[in-house]
Amino acid sequence: QVKKGKAELSGATGLYLVLTSMRQLKKSPSEMESELRSGLEAAKHLLPDLEALPATLLRDDAVDLVPPVLQVLQDLGKRAEVTVYASLMAAQLRRRDFAGVNLTASKLPEDVLTPKMHAILATTAANRQKLDDALRYLQLLPSDAGRVVTPSAAAQIMSLAQREQRAPELLEQFLRIGVQPQEKTDSNAELQRAVTTIKAYVKNKDLPSATATFNRLKKNGVVMRPQVYNCFLDACVQCNDIEASLQLFEEMKQLGFVDVVSYNTLLKGYLAAGRMSDARELVQEMSCRGLSANKVTYNELLNAKVANRDRVGMWRIVDEMLSAGLKANLITCSILLKSLTQHSAESDLARVLKLINSVEEPIDEVLFSSIIEACIRIKKLETLSDFIEHYKTKGLFKNISAPVYGAMIKAFGEAGHLHQVRELWAQLQGHNVKPTAITIGCVVEALVINKQGEEAWQLVQDQLQYPDRKSMINTVVYSTVLKGFAVSKRIDKVLAVYKEMRNNSIACNTITYNTMLDACAKCGCMEKASMLLEDMRETSIDPDIITYSTIIKGYCLAGDVERAFSVLEEMKRDGHFTPDEIMYNSILDGCTKQRNVSEALRVLEEMKASGIKPSNYTLSILVKLLGNARRLGQAMQMVEDLSEQHGLKPNIQVYTCLIHACFQNRRFERALGVYETMINEGCHADEKFYAVLARGCVQLHQPLKAVEVIKAAYRLQSSLPHGPRVVGVEGLEELLLKISKDEPAAADALRSELHGSH
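Quick caveat, the model's predicted, so the values are computed rather than measured.

Engineer: Describe the layout of surface pockets, listing the residues and the values that go with them.
Structural biologist: Approximately 830 Å³ is the volume attributed to the second largest pocket. Lining the second largest pocket are 25 residues, with Leu 93, Thr 123, Thr 150, Ser 152 and Ala 153 sitting closest to its centre. At the level of secondary structure, the elements contributing two or more residues to the lining of the second largest pocket comprise helix 5 (82–94), helix 7 (115–127), helix 9 (151–163) and helix 11 (187–203). At six residues, helix 9 tops the list of elements feeding residues into the lining of the second largest pocket.

Next up, the structure:
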């Protein structure tokens, strides 16, 4: 676009991005040179930026991008400073790119090569086992230039000379230039071993052994380097010995070994110890020494703020970082994403996403996954949808792992976004991402909870056609499909899926059988339950408390309370489980359906004797039973006694049943008394309660009192007390029609009043 005159680049940064893009596209150095030349022909004003580019690339350790730039500059007669070539050679040596070192040196006339460059070339020759070349380069060094030969380089060259039995020849050159060879010529290897050993000890938090290794190295007379000190400093910090860290740091300052890495390491120690003020002072000291805080520095500070949930401090660090001319990187964004919660401001999410879009590095799978997890965590699925749509065309989904797909599918499934579930599943398969059993389980569950049981089952059957996925279709996946059909009361499908499981040798567990038994109970097919129980016994699957509870509930729903009692007694004899409240409530409910008051009261006494405390649900069942049996007084007394004995406070369900019982027994005034008691006790009525109360009034030919009930429900002026808020009435229009039959004027007036209140 620049060559066509349709775009501009912003200085050296723009050129930097162009070169980085070329590298990602796997352009060769010659192709990069060609592109740069043609670009400069179209935009000659970029030449000064190109001249400044090598230093920037070297500073960011983008060593492989420097040679093409230097070549273009040299072809244009704008050869870079010799110091740039020297820095490039040093960087290539660090990377052990020995051919690159020699090639860089060949670009310069022999007479401009500095002593430092000759020393680098000598070290390179030694690494390539070419002693003659190493000696030749050393001979080119002036007297007393030994400072440019590092101790490790001297040791390496001496080691090669000793192997070739030419040590005296080398020693002569060393003495001429002022190099004092160490007696130990393998110091570099010894230092590397020490660093590796210290790191190994740190993994086990063994600081004494790491300290002993470091001290032994010093005692052996090996020339120490900043890297070794930084390694040991990191050991002290990781082992939470801040005092040892500070002592070592002072020693490093005296030796002149402190650098940005040292400061960042100690900073991490201060922050881990919660010493924020010391951390701030350390950053200021770092600046005074002429060392600029880098992205690592700011990310450490930022991570501490996020860990302390200091939102204001967190954004202040980001602002400082950006003001210092440093852009956020992938780590910065990952840290900020961790700060987002359901209570985060919309502006925080927007700002984090804006920073992510400004990152120069390509977004990797780790950050991409972090963004997805953050959106799921804070329940911003619309933002996640937009994010997916934005990056779908950029190829990032090719690198997304199956677990991340599973997390997205699960979140969208719970939110009811089926189209996203299906689209993500299609993308996973389109990008040839191999799903895990959990991923498949997430898809199946997402379909099931959205009442797409047939589709979920078909998906399972489709996976069985893939040899590498067949083993992933396990008990959990099938149990989810069973649950879907059980909820929709499709007992035929439940049994068909069960048959398929057995045909495919998929083991059933207790949860699987409980799901199927629950379906039998809900569908009134308890004759199928016997077959399932027999299969459980044959496969040595032990029933649990839920199994027994489900069977008892099923028989009670079917009206076979005797069978329910039989199962309860069997469970008690077995001795593995103790009956719980749910079981007793199921039997009480069965007694209610049979209107068997005496049996229900016997069960209640057994329940209390077993130490099981009745609940409001128990009370509701008993009130319903006694109300149906026209024993209103006993129902009222039951509520009073059980509430007093067990510390119960009747809830709205109990009061609704009591009101209904009053009307069943044609006790209109008693119903109003229950209502007033409920309001005085602070129990909040709901729409259903007011509907039962109003309908009861109409049934007992009290339409005007029904009008007062409705007014109370809407907190209008009424002769009846009302709750603290407007509740409303379930089935209001139907009630108004019934009232109109006897009191049309009152009904019309109420309609007008209700309309005016809205």
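Engineer: Quick one: what's the story with the packing of aromatic side chains, residue by residue and with numbers?
Structural biologist: The full count for this structure, using the stated rule, is ten aromatic pairs. Here Tyr 498 and Tyr 513 contribute two aromatic rings whose centre-to-centre distance is 5.9 Å and whose plane-to-plane angle is 70 degrees, an arrangement assigned as edge-to-face. Here Tyr 498, found in helix 28 (residues 491–503), pairs with Tyr 513, found in helix 29 (residues 510–523); they are 15 residues apart in sequence, far enough to count as distant. Here Tyr 498 matches Tyr 513 in class, with each residue buried. Three or more aromatic residues link up through ring pairs in this structure, and these residues are Phe 214, Tyr 229, Phe 232 and Phe 257. Lying across the ring of Tyr 137, Arg 136 places its NZ or CZ 4.5 Å from the centre. Its guanidinium or amino end placed over the ring of Tyr 466, Arg 469 lies 4.1 Å from that ring's centre, counting from NZ or CZ.

Engineer: Could you give an account of helix 18 (residues 311–323), with specific residues and numbers?
Structural biologist: Compared with an ideal rise of 1.5 Å per residue, which puts 13 residues at 18 Å, helix 18 spans 18 Å between its outermost C-alpha atoms and is within 8% of the ideal. Looking one or two residues past helix 18, Gly 325 carries a phi angle of roughly 85 degrees, positive in sign.

Engineer: Report on the pattern of salt bridges, specifying residues and quantitative values.
Structural biologist: Taken as a whole and judged by the stated rule, the model has 37 salt bridges. Salt-bridge contacts for Arg 351 lead to Asp 319; the nearest nitrogen and oxygen are separated by 2.4 Å. Of the two residues, Arg 351 is situated in helix 20 (residues 346–358) and Asp 319 in helix 18; the sequence distance between them amounts to 32 residues. Assessed through its relative accessible area of 31%, Arg 351 is described here as partly exposed. By relative accessible area, Asp 319 is classed as partly exposed at 35%. Here Arg 502 makes a salt bridge to Asp 535, at a shortest N to O gap of 3.7 Å. Taken together, the residues Arg 502 in helix 28 and Asp 535 in helix 30 (residues 526–538) connect sequence positions 33 residues apart. Arg 502 gets classed as partly exposed once you look at its relative accessible area, which sits at 42%.

Engineer: Break down unusual backbone geometry for me, citing the residues and quoting the values.
Structural biologist: Look at Gln 129: it is not a glycine, yet its phi comes out positive at around 65 degrees. With respect to the helices and strands, Gln 129 occurs in the loop between helix 7 and helix 8 (131–139). A positive phi angle, near 55 degrees, is found at Lys 205, a position not held by glycine. Tracing the chain through its elements places Lys 205 in the loop between helix 11 and helix 12 (207–219). Note on Lys 205: relative accessible area 51%, which makes it exposed.

Engineer: Can you break down the packing of helix 28 against helix 30 residue by residue, with the values?
Structural biologist: Contact pair helix 28 / helix 30: the axes reach a minimum separation of 13 Å and the direction vectors enclose 20 degrees. By the criterion of interaxial angle, the relationship of helix 28 to helix 30 is roughly parallel. Here helix 28 runs over helix 30; the crossing is left-handed. Contact with helix 28, carried on its side by Leu 495, Tyr 498 and Arg 502, involves Lys 528, Met 531, Leu 532 and Asp 535 of helix 30 and no other residues of that element. Here the contact of helix 28 with helix 30 is built from residues that sort into four nonpolar, no polar and three charged.

Engineer: Just give me the short version of the environment of Glu 31, but keep the residues and values in it.
Structural biologist: Following the sequence through the fold, Glu 31 ends up in helix 2 (residues 29–42). You can call Glu 31 partly exposed: its relative accessible area is 38%. In sequence terms Glu 31 and Ala 194 are 163 residues apart; their C-alpha atoms lie 43 Å from each other. Engagement of the side chain of Glu 31 in a polar contact is seen with the backbone nitrogen of Ser 28, the distance being 2.8 Å.

Engineer: Help me get a handle on the nonpolar core, residues and values and all.
Structural biologist: Judged by nonpolar contacts, the single largest core of 206 residues is most densely connected at Ile 587, Tyr 675, Phe 689 and Tyr 690. With residues up to four places along the chain from it excluded, the contact list for Tyr 675 reads Ile 659, Phe 689, Tyr 690, Leu 693, Ala 712, Leu 720, Pro 721 and His 722. Grouped together as the second largest cluster of nonpolar side chains are 62 residues, Leu 15, Tyr 16, Val 72 and Ala 145 included.

Engineer: Could you give an account of the side chain of Asp 518, naming the residues involved and the relevant values?
Structural biologist: Inspection of the secondary structure puts Asp 518 in helix 29. Here Asp 518 is in contact with Thr 550 and Lys 553, once residues within four sequence places are set aside.

Engineer: Tell me about helix 5, residues and numbers included.
Structural biologist: Given a rise of 1.5 Å per residue, 13 residues ought to cover 18 Å, and the 19 Å separating the end C-alpha atoms of helix 5 matches this to within 8%. Three or more residues of helix 5 are buried, namely Val 84, Tyr 85, Ala 86, Leu 88, Met 89, Ala 90, Ala 91, Gln 92 and Leu 93. Against the buried residues of helix 5 lie helix 3 (47–59), helix 4 (66–75), helix 6 (98–106) and helix 7. Positive phi shows up at Arg 96, right after helix 5, with a value of about 60 degrees.

Procedures and definitions
- Residues numbered from 1 in each chain as written.
- Predicted model: local features only at pLDDT ≥ 70, side-chain atom pairs only at ≥ 80, totals over all residues.
- Heavy atoms only, no water.
- 1 Å grid on protein atoms, 1.4 Å probe; cavity = no way out; pocket = protein on both sides within 12 Å on 5 of 7 lines; lining within 4 Å.
- Points joined across faces, edges and corners; volume = space filled by probe spheres on them.
- Helix = DSSP H or I, 4+ residues; strand = E, 2+ residues; numbered from the N terminus.
- Phe/Tyr/Trp six-rings, centres within 6.5 Å; stacked < 30°, edge-to-face > 60°.
- Buried < 20%, exposed > 50% of the residue type's maximum accessible area, 1.4 Å probe, protein only.
- Lys NZ or Arg CZ within 6 Å of the ring centre and 35° of its normal.
- Expected span 1.5 Å × (residues − 1).
- Salt bridge = Lys/Arg side-chain N within 4 Å of Asp/Glu carboxyl O.
- Axes fitted to C-alpha atoms, helices over the stretch in contact; angles between N-to-C directions.
- Parallel < 35°, antiparallel > 145°, perpendicular 65-115°, else oblique.
- Left-handed = near helix turned anticlockwise from the far one by under 90°.
- Contact = heavy atoms within 4.5 Å.
- Nonpolar A, V, L, I, M, F, W, Y, C, P; charged D, E, K, R; others polar.
- Polar contact = N/O pair within 3.5 Å; in protein donor to acceptor, adjacent residues only side chain to side chain.
- Core = buried A, V, L, I, M, F, W, Y, C linked by side-chain atoms within 4.5 Å.

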